[in-house]
Amino acid sequence: MKISSGDVEASKLDYRAFTESEIKEGWRLACLIRTSKDISIDVPPMTTRPKAATVGVGRQVILRPAVQKRYVELEDPTLHDQRTDVVRLLDAIDDIEATVSLDAMRSIGKVLRASYFKVTAVFVDQELIDVEPGDTTEIRYGIAYDLGTTTVVATLLDLNSGTPVAVKSMLNKQQPFGADVITRISATMMDVTALDRLRGLAQQTLGELTAEVCEEAGINPLHVYEVALAGNATMTQLLLGIDPEPLGVAPFIMASASYPDVQASELGLAIHPRAKAVIMPSLGAYVGGDIVAGALASGMDRDKRLRLFIDVGTNCEIILGDGEKILATAAPAGPAFEAASIKCGVRAASGAIETIKIVDGDLVIGTIDDTKAIGICGSGLVDACACLVQLGLLDHSGRFVSEEKAKEISPLLANRLVEREGERVFVLTWSREVGDLSDCVFLTQRDVRELQFAKAAIATGWALLLEEFGVAESEIQQVLLAGSFGSYLSPASAVKIGLVPKLPVMRIVSAGNVAGEGAKMVLLSAQERNGANALLDEIDYIELSDRSDFNDRFVERLSFPV
């Protein structure tokens, strides 16, 4: 943030994060500021609509949602037919053995008589949740949520046809408490009010997205009868108001792998008052419901090919399976792919460099929305390092080559390797003209190291799974890159830096938002809900933190492939 009045001394970390001119203008890292006097600050606006994957790889399912409607025309009660309203209604529906809640009972009598006993009964699973006047069988909706640490996606589904009718995404409003799950867990440990505040922010996020998808589709939120939610274990427990502290300290224990029936109202959702919420089960503290949903959508338990599933993020989840044997693990990749630890790093928003290619020995840079570059996001960072490795401007160890060697191997780009405030950087975009460093976007040696640490953690994860499985890299028939970041990551660049196994790029597929796809599937098919729970028994989790050889293997993977 920027200090607009008052005096706050800059720390060593401030000097690493900002330029001399920015320091003079008052820019400081907010988390390090300590002051005993009044100051005024300016906080830059936060992007609330990042570029995010809203669809992903999925499977066709038999359309049999838990939400069912039955239209009936009942005979009026008489002195000779004094059946109760509930019995009269359920006697006319012979294919559902229903239960009726007290809340639903309160309205049945009034609705039956106001509509002359011509009504539509609404069931979720076996429970009667409402009786609506007239024939409303063509109106039934559900919402699937992907509750990500960074981005949340909501998809409104027409449960009659199985088709999505509206999709919206936004940043998780918990961001002020930290960019990753560990900082949010830490917040609840240091402040007794933080859990309630984090829960409220998650509910606000879901609530706003719910209103937006309903408005876009032009439907009444009261016609949303069920929702499904896929999130990692921490996001899920925070949403449900469950203390996440045991997730953040060894031995990393979840409150529960699966959850009982939840009313959507408990999630703060303004939809049908008796709507149900399905919470995807979690495999472990760091392989949560979002990954179980992704495994369900991508058919990791069905496809007989040897496949590697990688959800790239701050915490990277990895699954390896052939339909019979399935292994999973989690690797601590850190914030590099979110560009949080990168000098010129920005989120995937307008103006972020997202693609970099080499054409005729020169760089061709692509930004989101084709606007002026303001920084570099995760996919651009991977492309940048891959291109520099390909050209030879980054050596095998990840170090920038000398000025003389740069001129020899890449005459067109050698002048981009410059000294800036005491460190060598590679300039991606000049400010106004070649040589102008006042407001340029650049890559530092430290940025390269951050990427190396992230990709080494992930590569060590999948390499150890391959070893446990007893197979070689070359035997992998498909690699699925999941999540928003995986959707925009270049497979060729991922191979060049060693993020994924060295395979033909045709075997590497951007899977997109498979967590959201899994959540959709459990809304569209009650059978798939059982399949999600079955995955907990079918997948074996491998914990990396207690592997004595992890550090050695990690160091081996730091270098870029030759």
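**Q** Could you give me a rundown of the confidence of the model for the chain, with the residues and numbers involved?
**A** Put simply, the chain has an average pLDDT of 90, and 95% of its residues get 70 or more. Below a pLDDT of 50 lies the segment residues 45-56, which in the model reaches 46 contacts outside its immediate sequence neighbourhood of four places, other chains included.

**Q** An account of the environment of Phe426 is needed here, citing residue identities and associated values.
**A** Summarising the element assignment, Phe426 is placed in strand β20 (residues 423-429). Classification of Phe426 as buried rests on a relative accessible area of 1%. What Phe426 contacts, discounting residues up to four positions off in sequence, is Leu363, Leu388, Leu393, Phe400, Leu413, Arg416, Leu417, Phe442 and Leu443.

**Q** An account of the pattern of salt bridges is needed here, citing residue identities and associated values.
**A** Oppositely charged side chains can form a pair if their charged atoms are brought close together. All told, the structure shown has 27 salt bridges when counted by the stated rule. When the shortest N-O distance is used, the salt bridge between Arg70 and Asp95 registers 2.7 Å. In this pair, Arg70 is assigned in strand β3 (residues 67-73) and Asp95 in the loop between α3 (85-91) and β4 (99-100), connecting sequence segments 25 residues apart. A relative accessible area of 18% places Arg70 in the buried class.

**Q** Describe the UniProt feature "domain: RACo C-terminal" (unreviewed entry) in the chain, listing the residues and the values that go with them.
**A** UniProt tags residues 307-561 as "domain: RACo C-terminal" (unreviewed entry). For residues 307-561, the end-to-end C-alpha separation is 22 Å, with 35% helix and 25% strand making up the annotated structure.

**Q** Help me get a handle on the packing of helix α5 (residues 181-190) against helix α7 (residues 233-240), residues and values and all.
**A** Closest axis-to-axis distance for the α5/α7 pair is 10 Å, and the angle between their directions is 35°. Two packed elements cross with a definite hand, and for α5 against α7 that hand is left-handed. The residues of α7 that touch α5, namely those facing Val181, Arg184, Ile185 and Thr188, are Thr234, Met235 and Leu238. The class makeup of the residues in the contact of α5 with α7 is 4 nonpolar, 2 polar and 1 charged.

**Q** Can you break down the domain arrangement of the chain residue by residue, with the values?
**A** Domain boundaries assigned for the chain yield domain 1 (2-42), domain 2 (67-133), domain 3 (162-279), domain 4 (301-335 + 451-557) and domain 5 (344-443). Computed over C-alpha atoms only, the centres of domain 3 and domain 4 are separated by 25 Å. Between domain 3 and domain 4, the residue contacts involve 9 residues of the former and 9 residues of the latter. Carbon and sulfur atoms supply 72% of the area buried between domain 3 and domain 4, which totals about 770 Å² over both sides. Considering only the side of domain 3, the residues that lose the most area to domain 4 are Glu226, Ala228 and Val278, jointly responsible for 41% of the buried surface there. For the pair domain 3 and domain 4, the number of links is 1 salt bridge. Linking Arg529 and Glu226 is a salt bridge whose minimum nitrogen-to-oxygen distance equals 3.2 Å. Among the elements that take part in the side of domain 3 that touches domain 4, strand β10 (residues 224-231) stands out by supplying 4 residues, more than any other. Within the side of domain 3 that touches domain 4, the residues separate by chemical class into 6 nonpolar, 1 polar and 2 charged.

About the cut-offs
- Residues numbered from 1 in each chain as written.
- Predicted model: local features only at pLDDT ≥ 70, side-chain atom pairs only at ≥ 80, totals over all residues.
- Heavy atoms only, no water.
- pLDDT = per-residue confidence, 0-100.
- Contact = heavy atoms within 4.5 Å.
- Helix = DSSP H or I, 4+ residues; strand = E, 2+ residues; numbered from the N terminus.
- Buried < 20%, exposed > 50% of the residue type's maximum accessible area, 1.4 Å probe, protein only.
- Salt bridge = Lys/Arg side-chain N within 4 Å of Asp/Glu carboxyl O.
- UniProt positions renumbered as here; feature names shortened; annotations may be inferred.
- Axes fitted to C-alpha atoms, helices over the stretch in contact; angles between N-to-C directions.
- Left-handed = near helix turned anticlockwise from the far one by under 90°.
- Nonpolar A, V, L, I, M, F, W, Y, C, P; charged D, E, K, R; others polar.
- Domains from an automatic or database assignment.
- Buried area = accessible area lost by both parts, 1.4 Å probe.

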